[in-house]
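Summary of structural features
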Amino acid sequence: MTSIPEAKNGGILSLDENIVALIPDFGQIISIQHVSIGPSGLAALKGEYESSLLIHTTSPDFIPVPHVYGSFAYSPPSPSSPTSDLLQSQNEERKHFFLATFHSFLPSPSIPSPSIPSPSIPSPFPFCKKLALFHKNSTRHAPPKFGFHVWTFNGNIGFRNAWCETWEEYFSTAMLDIFAVHVARHRERKEDERKAKLRSDMVGVDGGVTGEGDSEIVAADGDRGQGGVDAESGEVMVFDAGGFWGHNEYELGNWRHERNPFHKEIYFEEYHKYFPKCEPVEDYDDRNALYALKFNLHGATMFPDDEKTGFLDLVVNEMRRLVEKYPRGFEEEDGSRKEGVFV
């Protein structure tokens with residue numbers, strides 16, 4: 001990251017997304033977290049700002065202070081853009097920004113160690129406790145429904161976060177949305193999805209949420225594969241937020257695969273010391289597998305080169321396993337059939 005001692009007139013010196021500037025009005029070092037282009041780019045930064053604000057309101061020391069998002073007054077088109085792109089409307093070309101307090105994180109390796117956390121990856125002991133307490137403390141501010149008041153983005157995929165009465169409804173809608181995006185972008189892989197036998201008796205996703213009266217709504221980040229250690233204070237912090245009001249165990253779905261530095265069992269154990277597994281505990285692993293499906297489907301949509309990433313294979317194989325294990329879907333206590341995720 002390029003460090004700049006002072007910005008003239010308290011302004012931003014360039015459109016470089018890695019710029020760091022001292023803005024007098026704030027009295028602290030501010031960094032441009034992200035720069036984006038076009039209407040969807042502005043929506044993405046609004047989602048990140050609101051998500052960061054949600055986390056900071058509950059746990060102020062867990063995320064860099066979000067300050068503002070907005071649009072640059074003037075966004076010159078890229079000189080390398082084709083003529084057709086240069087003729088696009090100013091609205092399409094306009095660049096946007098999100099500002100937050102600057103923190104220097106210890107450098108992350110390009111490929112995290114699969115066995116031992118590197119110094120740049122948060123230790124499970126402070127990180128998992130902070131994450132669990134963030135979830136627990138957020139219940140004091142929780143709304144009556146699952147969802148969020150703005151769209152959020154993970155990469156170039158948006159999530160509408162429509163308000164839902166139940167966690168099953170919210171998660172089912174989110175899964176169907178990402179599946180629709182995947183099919184639209186990669187129609188040539190349609191046969192792979194058919195082989196996965198998507199059907200409504202996949203599995204009941206609310207077993208650990210609505211069962212046993214355990215239906216707490218918590219603030220979830222939705223992208224907890226991102227965490228770091230502040231180089232100056234040593235504090236564990238998160239970034240690249242994509243928040244919503246959901247179920248705490250959803251966060252851990254992203255940890256299931258070994259590509260995530262938090263996939264080791266000790267991270268799960270430490271987290272559940274402070275936020276116990278939901279009932280029914282015997283369904284915990286399958287709930288985690290189901291939540292991991294969404295993260296892997298997201299990866300398969302953004303990175304369709306299956307031979308390189310293996311995301312689509314993970315999705316198809318896990319779907320097959322769950323369908324075989326739950327051929328009738330999730331059943332109520334009276335034996336009646338309960339609809340699951342896919343239709």
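Description of the structure in this document. (Residues numbered from 1 in each chain as written. Predicted model: local features only at pLDDT ≥ 70, side-chain atom pairs only at ≥ 80, totals over all residues. Heavy atoms only, no water.)

Here we come to helix H10 (residues 311-325). Since there are 3.6 residues in each turn of an α-helix, residues three or four apart along the chain are aligned in direction. Helix length check: H10, at 15 residues, gives a terminal C-alpha distance of 21 Å against a target of 21 Å (1.5 Å per residue), a fit within 8%. Looking at H10, one finds that the buried residues are Phe311, Leu312, Val315, Val316, Glu318, Met319, Leu322 and Val323. (Helix = DSSP H or I, 4+ residues; strand = E, 2+ residues; numbered from the N terminus. Expected span 1.5 Å × (residues − 1). Buried < 20%, exposed > 50% of the residue type's maximum accessible area, 1.4 Å probe, protein only.)

Turning our eyes to something else, we now look at unusual backbone geometry. For the peptide bond that leads from glutamate 279 to proline 280, omega is -10 degrees, which places it in the cis range. Structurally, proline 280 can be placed in the loop between helix H7 (265-274) and helix H8 (284-302). Positive phi is not limited to glycine here, since aspartate 240 has a value of about 55 degrees. In this structure, aspartate 240 sits in the loop between strand S9 (236-237) and strand S10 (244-246). The partly exposed category is assigned to aspartate 240, whose relative accessible area is 25%.

Counting buried residues along strand S4 (residues 95-101), seven of its seven residues qualify, which places the element largely inside the surrounding structure. With five bridges joining them, strand S3 (residues 66-71) and S4 adopt antiparallel strand pairing. Bridged to proline 66 within S4 is alanine 100. (Pairing = 2+ DSSP bridges.)

All chains considered together, the criterion is met by 27 aromatic pairs. When the ring of tryptophan 167 is compared with that of tyrosine 250, the centres are 6.0 Å apart and the planes differ by 70 degrees; the resulting orientation is edge-to-face. Taken together, the residues span a long stretch of sequence, with tryptophan 167 in helix H5 (residues 167-185) and tyrosine 250 in the loop between S10 and H7 at a distance of 83 residues. When sorted by exposure, tryptophan 167 lands in the same class as tyrosine 250, which is buried. (Phe/Tyr/Trp six-rings, centres within 6.5 Å; stacked < 30°, edge-to-face > 60°.)

On to the side chain of histidine 272. Along the chain, the position of histidine 272 falls in helix H7. Owing to a relative accessible area of 12%, histidine 272 belongs among the buried residues under this scheme. Separated by 2.7 Å, the side chains of histidine 272 and tyrosine 284 make a polar contact. Sequence-distant contacts of histidine 272, defined by excluding residues within four places in its chain, comprise Leu252, Lys277 and Tyr284. (Polar contact = N/O pair within 3.5 Å; in protein donor to acceptor, adjacent residues only side chain to side chain. Contact = heavy atoms within 4.5 Å.)

This part takes up the nonpolar core. Soluble globular proteins tend to bury their nonpolar side chains together. Of all hydrophobic cores here, the largest spans 50 residues; its most connected members are Phe62, Phe127, Trp167 and Trp255. Examining the composition of this core, we find that seven residues originate from one element, H5, more than from any other. With sequence-adjacent residues up to four places away left out, phenylalanine 62 is seen in contact with Ile55, Phe127, Lys130, Leu131, Phe134, Val236, Met237 and Val238. (Core = buried A, V, L, I, M, F, W, Y, C linked by side-chain atoms within 4.5 Å.)

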